[in-house]
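For reference, the chains in residue letters:
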Amino acid sequence: MGSRLSRAACAPLFGVILIAATPASAQKKGGTLRLYHNDNPPSTSLLEESTIASVMPFAAVFNNLVVFDPAKPHESLVTVIPDLAESWSWDSTNTRLTFKLRQGVKWHDGQPFTARDVQCTWRMLIGKAETQDFKRNPRKVWYTKLKDVSTNGDHEATFELSEPQPGLLALLASAFSPVYPCHVPQQVMRTRPVGTGPFKFAEFKRGESMRLTRNPDYFRKDRPYLDEIAVRTIDSRATRMLAFSTGDFDITFPSDVSVPLMKDIQARSPNAVCEMTTTGVLTNLMVNRANPPFDNPDIRRAMSLSLDRKAFNTILMEGQARMGGAMLPKDEGEWGMPPEMLAQLLGYGPDTAKNLAEAQAIMQKLGYSEAKPLSIKVQTRNLPSYRDAAVILTDQLKKIYINAELDILDTPRWYAKLQRKDYTIGLNLTGVSVDDPDGNLVENYSCNSERNYTQYCNAEVDGLLAAQSRELDKDKRRKIVWDIERILVEDAARPVIQHNAAANCWQPYVKNYKPHSNSQYNNSRFEDVWLDK
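Now for a look at the structure at hand.

What counts and how
- Numbering of residues starts from 1 in every chain and runs along the sequence as written.
- Two thresholds apply to this predicted model, a pLDDT of at least 70 for residue-level local features and 80 or more for giving and counting side-chain atom pairs, whereas whole-chain, interface and lining totals are computed over all residues.
- Each side-chain value is derived from all of the structure's non-hydrogen atoms; neither hydrogens nor water enter the calculation.
- In this analysis, rings of Phe, Tyr and Trp, with Trp reduced to its six-membered ring, are considered paired at centre separations within 6.5 Å, and the interplanar angle assigns stacked below 30 degrees, edge-to-face beyond 60, and tilted for intermediate values.
- A helix here means a DSSP run of H or I that spans at least four residues, while a strand means a run of E at least two residues long, and both kinds are numbered starting from the N terminus.
- Under the scheme applied here, a residue whose accessible area is under 20% of the maximum for its type counts as buried, over 50% as exposed, and between as partly exposed, the area being computed with a 1.4 Å probe on protein chains only.
- Throughout this description, the term charge over a ring refers to an Arg CZ or Lys NZ atom that lies within 6 Å of the ring centre and within 35 degrees of the ring normal.
- For two strands to count as paired, DSSP must find a minimum of two bridges between them.
- Only C-alpha atoms enter the line fits that serve as axes; for helices the fit covers just the stretch in contact. Angles between N-to-C directions range over 0 to 180 degrees.
- Every definition here rests on a 1 Å grid over the protein atoms only: cavities are sets of points where a 1.4 Å probe fits but cannot get out, pockets are open sets enclosed by protein on both sides within 12 Å along at least five of seven lines, and lining residues have some atom within 4 Å of a point.
- Grid points are joined across faces, edges and corners, and a volume is the space filled by probe spheres set on the points.

## Re the packing of aromatic side chains
Ring pairs (aromatic) are described by centroid distance and by the angle formed between their planes.
Part 1 of the argument: For the structure on display, the rule yields 14 aromatic pairs.
Part 2 of the argument: Summarising the aromatic geometry, the rings of Phe58 and Phe201 are spaced 6.3 Å apart at their centres and angled 45 degrees between planes, so their arrangement reads as tilted. Here Phe58, found in helix H2 (residues 52-58), pairs with Phe201, found in strand E8 (residues 199-205); they are 143 residues apart in sequence, far enough to count as distant. One exposure class covers both Phe58 and Phe201, and it is buried.
Part 3 of the argument: Seen in terms of ring centroids, Trp506 and Tyr513 are 5.1 Å apart; in terms of plane orientation they differ by 80 degrees. Their pairing is edge-to-face. Comparing Trp506 with Tyr513, the two get one shared label, buried.
Part 4 of the argument: Cluster of aromatic residues (ring-pair linked, three or more members): Phe99, Trp122, Trp142, Tyr143 and Phe159.
Part 5 of the argument: In this arrangement the basic side chain of Arg139 is found over the ring face of Trp142, its NZ or CZ atom lying 5.9 Å from the centre.

## Describing the pairing of strand E10 (residues 228-233)
Part 1 of the argument: Judged by which residues are buried, E10 turns out to be one-sided: Ile229, Val231 and Thr233 face inward and are buried, whereas Glu228, Ala230 and Arg232, on the alternate face, are not.
Part 2 of the argument: Two elements, strand E1 (residues 32-37) and E10, share six bridges in a ladder whose sense is parallel. What sits directly across from His37, in E10, is Thr233.
Part 3 of the argument: Here strand E9 (residues 209-214) runs beside E10; their pairing, made up of five bridges, is antiparallel. Looking across to E10, one finds that Leu212 is bridged to Ile229.

## Description of unusual backbone geometry
Part 1 of the argument: Of the consecutive residues Pro292 and Pro293, the connecting peptide bond is found in the cis state with omega at 0 degrees.
Part 2 of the argument: Considering the arrangement of structural elements, one finds Pro293 in the loop between strand E11 (273-287) and helix H8 (297-305).
Part 3 of the argument: Cis geometry marks the peptide bond from Lys330 to Asp331; its omega dihedral reads 15 degrees.
Part 4 of the argument: You can see Asp331 is positioned in the loop between helix H9 (309-317) and helix H10 (339-342).
Part 5 of the argument: Not every positive phi belongs to a glycine, and Asn94 is a case in point at roughly 60 degrees.
Part 6 of the argument: Secondary-structure assignment places Asn94 in the loop between strand E4 (85-90) and strand E5 (96-101).

## Description of the sheet that holds E9
Part 1 of the argument: Pairing is mixed across the open sheet formed by four strands, whose spatial order is E1-E10-E9-E8. Looking at strand neighbours, the two that pair on one side only are E1 and E8, the edges of this open sheet. Strand-to-strand twist of the sheet, defined as the mean angle between neighbouring strand axes without regard to direction, takes the value 15 degrees.

## What about the layout of surface pockets?
Part 1 of the argument: Counted as a void, the second largest pocket has a volume near 550 Å³.
Part 2 of the argument: Looking at the lining of the second largest pocket, the elements with two or more residues in it are helix H6 (237-245), helix H7 (259-268), E11, H9, helix H12 (384-398), strand E14 (425-431) and strand E15 (496-506).

This is the structure:
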């Protein structure tokens, strides 16, 4: 990476890509995009949430400074394009990132968007705002290097860092990095959000439906094409799949379609377009190491060794999942460890019988056996992708004398317990919104991160996390990441079971919709989507 980075030229290129892909004469305005939701969003405030349940229905309300190009399925720094920022540049020290902002942009309530909104958004996130009424700040750790945001008039904002952070631009392109209006209280943003995005918030009936309407004052004057986005909540996955197949919905919920279900949809609705891809979501075992007897590292090691990853992959995903450490492996991932290196790590080798025997020996040494098992509850979220994996986990834990009872929680209770660290054993699906070590490793494993749900803390790892974060050479940075991954596996910090794959399906008349291969979070704005009907 050079001393200066700029993507101003990407703005016209983006237009060329879209026009080339779909002739302007063919694009049709109007219509309602009909979506379903599989859950109940905790709130409408993306800065306070950490779930796709909030992102999918409400991302279209907002804009970022920059975004990942929605037309390109693989996200990286190369695919970052302008949004509220027209251009950006780093100074020669790589510690000042200056954005030139669009002029004439309005919030949905008619107030003008200015650099002051950028400043107060990130001052809130780093705790420098005069008023701090966030209930949660799950990604505060992303901005530990950010000292302040300064402004130069209404249309220029500069992020001032204590040291280089090459991944910052990718973090700012995440759907979890929208710019908020200074003049709207956070209490309002949780229930009736105000943004600058292509669609305005219209309605949120908890547990029933959500609705957005076209923003006629959007700064891209020919966007969005759609008049409205209507989202309906359906608890049953079987009902959701049937409703899509019969034409009641236009696009499936991100990653809701499993490998077997995709085959069912294609049989019922052969004209539907379906793509199987990795999701940026990894299934993992969470052990709260503050709670006895799991404060004993030997038990945590035994649990890690007991995981038969191939069985999870075969049963749940027919072999389509990826095996890796915390970072998504290649080809979809930018940072993952090579397979030959991964195979040398604790529990990843092909000899699962040997791993299981070692785990049983550890547990026997600690006094556990078939006659004297350890009884626990395994908590998980009340979604099929969580429940199905949790059932397999409890079966595998029985082989090392741990009798586990499932405790199924709805989404608000699940996230509340994680935030409070109010659990002992959990089966979690960790969504990674940005395929960058700062957006994954720092967020989930650094000592002071709000999303470090297992309370893992290793000073050596924190030092390496800081080192990789400042490293400008990508190859050197990747090698530091691999060193971190080795330690995380050895420490059984949060044993990764698999990187999930799932399908997204849409009706053939839905145009300009493209799922991304290394994150499910960053293509739900729908401003370029149109309906050919």
